[in-house]
Amino acid sequence: PCFIALCQLIEDNGYALDQINLQKKTFVQVVFGMLSLECRQPKPVVETETTAMNDDEETASTQQDAIFVELRETTALYAARCLHSALDDNWELAGALDAGEQHQNVWIQFLRAKQEINNKDDGHSLSSMTRLHLIGCLVNLYQLALDSQDASVAWYEKAILEFGIRSSTLPQSEGLFLKVL
């Protein structure tokens, strides 16, 4: 819920964006931390069918697991959306997300993260919408790097092509953009 409100503030209020820029490194750490939690922690398997053998405690536990999974997915989605919205033409925040090797590895981890126990069709630990926002962040960073003649342009191009347009894991597989369109 806090990320939802923050996202609306970022999109509708320039003052909120100014405040984020004052604490840009902390903002990036919090967003990346929320995304990392979603990538690293296994999700409980939530069964939708109930049998006569299930007692009230098991049903309550399953409902809590489902709520917890939904809360984590929503938090990751809005964390990525906040970052995506905050990066629009924001040179200051882009500076905190340089394309150094450490940040490149973090982006790759988020966009490639697979879940060992996962009920999703695509097998990613982050939802398609969350990954679309992350790719949108890379597009924003790419555009800002183009404007500044930054040497990281090639890395952003490669990452956008690999994760957005085609997938390098299989020779004929398509990327996320083509899957959702």
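Structure: see above.
In what follows, the accompanying structure is described. Worth saying up front: this structure is predicted, and the values here are computed from it rather than measured. (Residues numbered from 1 in each chain as written. Predicted model: local features only at pLDDT ≥ 70, side-chain atom pairs only at ≥ 80, totals over all residues. Heavy atoms only, no water.)

1. Remarks on the packing of helix H3 (residues 24–40) against helix H6 (residues 101–112)
Here is step 1 of the chain: Interhelical geometry of H3 versus H6 gives an angle of 45° and a closest axis separation of 10 Å. The angle between H3 and H6 places the two elements in the oblique class. With respect to the hand of their crossing, H3 and H6 are arranged in left-handed fashion. The residues of H6 that touch H3, namely those facing Phe32, Leu35, Ser36, Cys39 and Arg40, are His103, Val106, Trp107, Gln109 and Phe110. (Axes fitted to C-alpha atoms, helices over the stretch in contact; angles between N-to-C directions. Helix = DSSP H or I, 4+ residues; strand = E, 2+ residues; numbered from the N terminus. Parallel < 35°, antiparallel > 145°, perpendicular 65-115°, else oblique. Left-handed = near helix turned anticlockwise from the far one by under 90°. Contact = heavy atoms within 4.5 Å.)

2. Considerations on the packing of aromatic side chains
Here is step 1 of the chain: One pass over the structure, following the stated rule, counts 3 aromatic pairs.
Here is step 2 of the chain: With a centroid separation of 5.6 Å and an interplanar angle of 85°, the aromatic rings of Phe32 and Trp107 are classed as edge-to-face. Of this pair, Phe32 sits in helix H3 while Trp107 sits in helix H6, placing them 75 residues apart in sequence. For the pair Phe32 and Trp107, one class covers both residues: buried.
Here is step 3 of the chain: Among the residues examined, Phe32 registers a relative accessible area of 9% and is labelled buried. (Phe/Tyr/Trp six-rings, centres within 6.5 Å; stacked < 30°, edge-to-face > 60°. Buried < 20%, exposed > 50% of the residue type's maximum accessible area, 1.4 Å probe, protein only.)

3. Notes on the pattern of salt bridges
Here is step 1 of the chain: Tallied over the entire structure, the rule returns 4 salt bridges.
Here is step 2 of the chain: With its nearest N and O atoms 2.5 Å apart, the salt bridge here joins Glu162 to Arg112. Pair noted here: Glu162 is in helix H8 (residues 153–165) and Arg112 is in helix H6, with a separation of 50 residues, a long-range link. (Salt bridge = Lys/Arg side-chain N within 4 Å of Asp/Glu carboxyl O.)

4. Things to note about the nonpolar core
Here is step 1 of the chain: Phe27, Phe32, Leu35, Leu83 and Trp107 are the most contacted members of the largest nonpolar core, which totals 43 residues.
Here is step 2 of the chain: Of all elements in the fold, only helix H1 (2–12), helix H2 (14–22), H3, helix H4 (56–87), helix H5 (91–96), H6, helix H7 (128–147) and H8 reach the threshold of two or more residues within this core.
Here is step 3 of the chain: Each residue touching Phe27, except ones within four places of it in the same chain, is listed here: Leu6, Ile10, Ile20, Cys82, Leu83, Ala86 and Leu93. (Core = buried A, V, L, I, M, F, W, Y, C linked by side-chain atoms within 4.5 Å.)

5. Comments concerning the side chain of His103
Here is step 1 of the chain: Mapping His103 onto the fold places it in helix H6.
Here is step 2 of the chain: Here His103 falls in the buried class, since its relative accessible area comes to 16%.

6. Section: the environment of Val139
Here is step 1 of the chain: Relative to the helices and strands, Val139 is located in helix H7.
Here is step 2 of the chain: Residue Val139 is classed as partly exposed on the basis of its relative accessible area, which comes to 26%.
Here is step 3 of the chain: Placed 20 residues apart in sequence, Val139 and Ala159 show a C-alpha to C-alpha distance of 9.4 Å.

7. Overview of the packing of H6 against H7
Here is step 1 of the chain: At a minimum axis separation of 10 Å, H6 and H7 run at an interaxial angle of 150°. With respect to each other, H6 and H7 are oriented roughly antiparallel. The chirality of how H6 crosses H7 is left-handed. Each of Trp107, Phe110 and Leu111 in H6 lies in contact with H7, whose residues at this interface are Arg131, Leu134, Ile135, Cys137, Leu138 and Leu141.
Here is step 2 of the chain: Grouping the constituent residues of the contact of H6 with H7 by class yields 8 nonpolar, no polar and 1 charged. (Nonpolar A, V, L, I, M, F, W, Y, C, P; charged D, E, K, R; others polar.)

8. Some remarks on the environment of His133
Here is step 1 of the chain: Relative to the helices and strands, His133 is located in helix H7.
Here is step 2 of the chain: According to the relative accessible area criterion, His133 is buried, its value standing at 15%.
Here is step 3 of the chain: In the structure, His133 is positioned 53 residues away from Ala80 in sequence and 5.7 Å away in space, judged by C-alpha atoms.
Here is step 4 of the chain: Not counting residues within four places of it along the chain, the set of residues in contact with His133 comprises Leu77, Ala80, Arg81 and His84.

9. Section: unusual backbone geometry
Here is step 1 of the chain: With a phi close to 50°, Asp89 is a non-glycine residue in the positive phi region.
Here is step 2 of the chain: Within the fold, Asp89 resides in the loop between H4 and H5.
Here is step 3 of the chain: For Asp89, a relative accessible area of 71% gives the class exposed.

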